[in-house]
Amino acid sequence: MPSLYTHQSENVRKTVILMTGFLVFIIALGWVFSQALAVPEIIYVAIFVAVIMNVIAYWSSDKIAIALAGAKFVTREEQTELYRIVENLAITTGLPLPKIHIIAAPQINAFATGRDARHAAIAVTTGALQRLDKSELEGVLAHELSHIGNRDILVSTVVVVLAGIIALMSDFFIRSLRFGSNRRGKAGGVMLIIALVAAILAPIAATLIRLAISRQREYLADASGALLTRYPEGLASALAKISADSELMPRAHSGTAHLYIANPFGKGAKTFVKLFQTHPPIEERIKRLRSH
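Now for a look at the structure at hand. In this text, all values refer to a predicted model and were calculated from it rather than measured experimentally. (Residues numbered from 1 in each chain as written. Predicted model: local features only at pLDDT ≥ 70, side-chain atom pairs only at ≥ 80, totals over all residues. Heavy atoms only, no water.)

**A few points about the pairing of strand 4 (residues 120-125)**
Remark: a regular strand shows side chains that alternate across the two faces of the sheet. Put simply, the rule reads: Relative accessibility decides the category of a residue: with a 1.4 Å probe and only protein chains considered, values under 20% of the type maximum give buried, values over 50% give exposed, and everything between is partly exposed. Helix and strand definitions here come from DSSP, where helices need a minimum of 4 consecutive H or I residues and strands a minimum of 2 consecutive E residues; each element is numbered from the N-terminal end. Strands qualify as paired when DSSP identifies two bridges or more between them.
Most of strand 4 sits inside the fold, with six of its six residues counted as buried. Here strand 4 shows a buried face lined by A120, I122 and V124 and a second buried face lined by A121, A123 and T125. The pairing of strand 2 (residues 99-103) with strand 4 spans five bridges and is classified as parallel. The partner of I102 across the bridge, within strand 4, is V124. Pairing analysis gives five bridges linking strand 3 (residues 110-114) to strand 4, with the strands arranged antiparallel.

**Quick look at the side chain of N263**
Quick note on the threshold: Nitrogen and oxygen atoms within 3.5 Å of one another constitute a polar contact, given that in protein one can donate a hydrogen and the other can accept it, and given that sequence-neighbouring residues count only through two side-chain atoms.
With respect to the element layout, N263 can be found in the loop between helix 9 (232-243) and helix 10 (271-275). Within the local environment of N263, its side chain forms a polar contact with the backbone nitrogen of F265, the two atoms lying 3.1 Å apart.

**Let's talk about a nonpolar patch on the surface**
Here is the rule we go by: Exposure above 30% relative accessible area and no salt bridge define the residues that can form patches, which grow by joining like charges within 9 Å and nonpolar side chains of Val, Leu, Ile, Met, Phe, Trp and Tyr within 5 Å. For the area figures, the Shrake-Rupley method with a 1.4 Å probe applies, and any residue is considered shielded solely by the protein chains shown. The salt bridge criterion pairs a side-chain nitrogen of Lys or Arg with a carboxyl oxygen of Asp or Glu, the two atoms within 4 Å.
A cluster of nonpolar side chains, contributed by I174, I193, L196, V197, I200, L201, I204 and L208, occupies part of the molecular surface with about 670 Å² of accessible area. At seven residues, helix 8 (residues 189-229) tops the list of elements feeding residues into the nonpolar patch. Mapped onto the fold, I193 is located in helix 8.

Here it is as structure tokens:
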């Protein structure tokens, strides 16, 4: 039977592997670009950027995720009932009370972020607060607290920053092709082609990594959250409302989409976006919750 702490050590190990893999990937990408543009200094810049971004990803990725979502910190006096629900769930799990933020958005959604339980934060949309009943809201918040307890949030937030820097490096290289023709002429045509292919495929590879680590963790958090509230129907009912939700998230971002309890792009997501879904089908999640 799954518990909140079943996969903690495994997720910490995966975080180390993930950060190391991205570090090597960024440095390798820098080397390819430096060879293609005949600018050896690029590899040193890539190493510096990779190290710095790993540090930022560990220490500040939660703040970046909160900022990208446009979430605002709220006090107990401003959201007394929300604090009460989160506090009761946190006491049940033995977790510290996370910082609580509100996203001004009509869509029903929420996410958790932070490097560990002592530095965690939960963000909930105004749509969730207004349109979910108490048991449904408890189910959603228990799901997010389960991410914190399972140590999912560190891996998820680290990916936001590291995948982003890969996309920026690729964009920088493609733009440099337009303005760096003198340098480019010194490089071999084969290496230039390899670098161009890498610049196109690297962000896609980073996205696929994000997808791979996201979907199974949603199932785990659903199961753990249901155990926490001892009422799976609460979360199942909330997911059913989310599935039928046609509201839009004003600041939905592909880099942070995997953090949310459900796809922030909503039912109106473009076909291309649907090809890179960060979440398992809601229907399957509801089925699993209601089968226990």
